[in-house]
Amino acid sequence: QVQLVESGGGLVQPGGSLRLSCAASARIFSFNDMGWYRQVPGKQRELVAIITSGGSTNYADSVKGRFTISRDNAKNTAYLQMNSLKPEDTAVYYCNAKIKPSELLGPYDYWGQGTQVTVSS
């Protein structure tokens, strides 16, 4: 059973940086698109950044110039480098990926369990 495992969240002061990681827990055939979303209580989950299998990226306007999404296809891992963090970036961050578990299956939509990012002084 494939799972996405996230790491790297935590508490950081305004202006600080964090890097989130998202990795598949089992051997897979391939990742297609990979993305990071975030959610605060009482609000809908929103897209933060997405990266295609070819490396094209797209960002929410609120994080452009501060966040960078990347991927390591050899490690089946995605990253979100977050710089110049603001209190309004506080949320639970979720990794999403379209995964082909094997050559003949998928792609299917997978979500990580979420990691808390808190930006506060």
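In case you missed it, the structure is sitting above this.
Structure report, in brief. Keep in mind the model is a prediction, meaning the values are calculated, not measured. Every chain begins its residue count from 1, and numbering advances along the sequence as written. Thresholds applied to this predicted model are a pLDDT of at least 70 for local features of residues and 80 or more for the giving and counting of side-chain atom pairs; totals over whole chains, interfaces and linings are not thresholded and use all residues. As a rule here, side-chain values come from all non-hydrogen atoms in the structure, and water together with hydrogens is ignored.

Focus on the overall build of the protein
Summing up its helical and strand segments, the protein has zero helices and eleven strands in all. In this text, helices come from DSSP runs of H or I with a minimum length of four residues, and strands from runs of E with a minimum of two, each type numbered from the N-terminal end. Listing the helices and strands of the protein from first to last along the sequence gives β-β-β-β-β-β-β-β-β-β-β. At 14 Å, the protein has a C-alpha radius of gyration in line with the 14 Å of a compact globule built from 121 residues. Dimensions along the principal axes, computed over C-alpha positions, put the protein at roughly 50 × 25 × 25 Å. Each residue is placed in one exposure class: buried if its accessible area under a 1.4 Å probe, protein chains only, is under 20% of its type's maximum, exposed if it is over 50%, and partly exposed if it falls in between. By residue count, 41% of the 121 residues in the protein fall in the buried class. What the globule rule says is 2.2 Å times the number of residues to the power 0.38, and the radius of gyration is computed from C-alpha atoms.

A look at the sheet that holds strand 8 (residues 77–82)
Read across the open sheet, the four strands follow the order 1-3-8-7; overall the sheet is antiparallel. Bordering the open sheet on either side are strand 1 (4–7) and strand 7 (67–72), each of which pairs with just one other strand. Averaged over all pairs of adjacent strands, the angle between strand axes in this sheet comes to 15 degrees, irrespective of strand direction. Should DSSP find at least two bridges between two strands, the strands are regarded as paired. Axis lines are fitted through C-alpha atoms, for helices just across the contact stretch, and the angle between N-to-C directions can take any value from 0 to 180 degrees.

Side note on the packing of aromatic side chains
Only Phe, Tyr and Trp rings take part, Trp by its six-membered ring, and two of them pair if their centres are within 6.5 Å. Stacked means planes under 30 degrees apart, edge-to-face means over 60, and tilted covers everything else. The tally for this structure, following the rule as stated, stands at one aromatic pair. The ring of Tyr 94 carries the charged tip of Arg 45 above its face, separated from the ring centre by 3.7 Å. Whether a charge sits over a ring comes down to the Lys NZ or Arg CZ being within 6 Å of the ring centre and within 35 degrees of the ring normal. The ring of Trp 111 carries Arg 45 above its face, with NZ or CZ at 4.8 Å from the centroid.

Thoughts on the state of the cysteines
The term disulfide is used for any two cysteine sulfur atoms that are within 2.5 Å. Counting across every chain of the model gives one disulfide. Here Cys 22 connects covalently by a disulfide to Cys 95, the sulfurs 2.0 Å from one another. Here the disulfide of Cys 22 and Cys 95 is left-handed, its torsion about the S-S bond being about -75 degrees. Here Cys 22 is found in strand 3 (residues 18–24), whereas its partner Cys 95 is found in strand 9 (residues 91–100), with 73 residues between them in sequence. We classify Cys 95 as buried; its relative accessible area is 1%.

Some points on the nonpolar core
Formed by 31 residues in total, the largest nonpolar core has its most connected members in Trp 36, Leu 80, Met 82 and Tyr 93. Of all the secondary-structure elements, those providing two or more residues to this core are strand 3, strand 4 (30–39), strand 5 (46–51), strand 7, strand 8, strand 9 and strand 11 (115–119). Counting residues per element, this core draws most heavily on strand 9, at five residues. Residues belong to one nonpolar core when they are buried, are Ala, Val, Leu, Ile, Met, Phe, Trp, Tyr or Cys, and are joined through side-chain atoms within 4.5 Å.

Considerations on a nonpolar patch on the surface
The patches reported here contain residues having more than 30% relative accessible area and no salt bridge. Joining distances are 9 Å for like charges and 5 Å for nonpolar side chains (Val, Leu, Ile, Met, Phe, Trp, Tyr). For accessible areas, the Shrake-Rupley method is used with a probe of radius 1.4 Å. Any residue's cover is judged against the shown protein chains and nothing else. The salt bridge definition used is simple: a Lys or Arg side-chain nitrogen within 4 Å of an Asp or Glu carboxyl oxygen. Where nonpolar side chains cluster on the molecular surface, the patch consists of Leu 104, Leu 105 and Tyr 108 and spans about 340 Å² of accessible area. By relative accessible area, Leu 105 is classed as partly exposed at 41%.

Focus: the pairing of strand 3
Successive residues of a regular strand alternate their side chains across the two faces of the sheet. Strand 3 sits mainly inside the fold: five of its seven residues count as buried. The pairing of strand 1 with strand 3 spans four bridges and is antiparallel. Among the inter-strand pairings, Ser 7 is bridged to a residue of strand 3, identified as Ser 21. Bridging between strand 3 and strand 8 involves six bridges; their strand directions are antiparallel. By the bridge assignment for strand 8, Ala 23 is matched with Thr 77.

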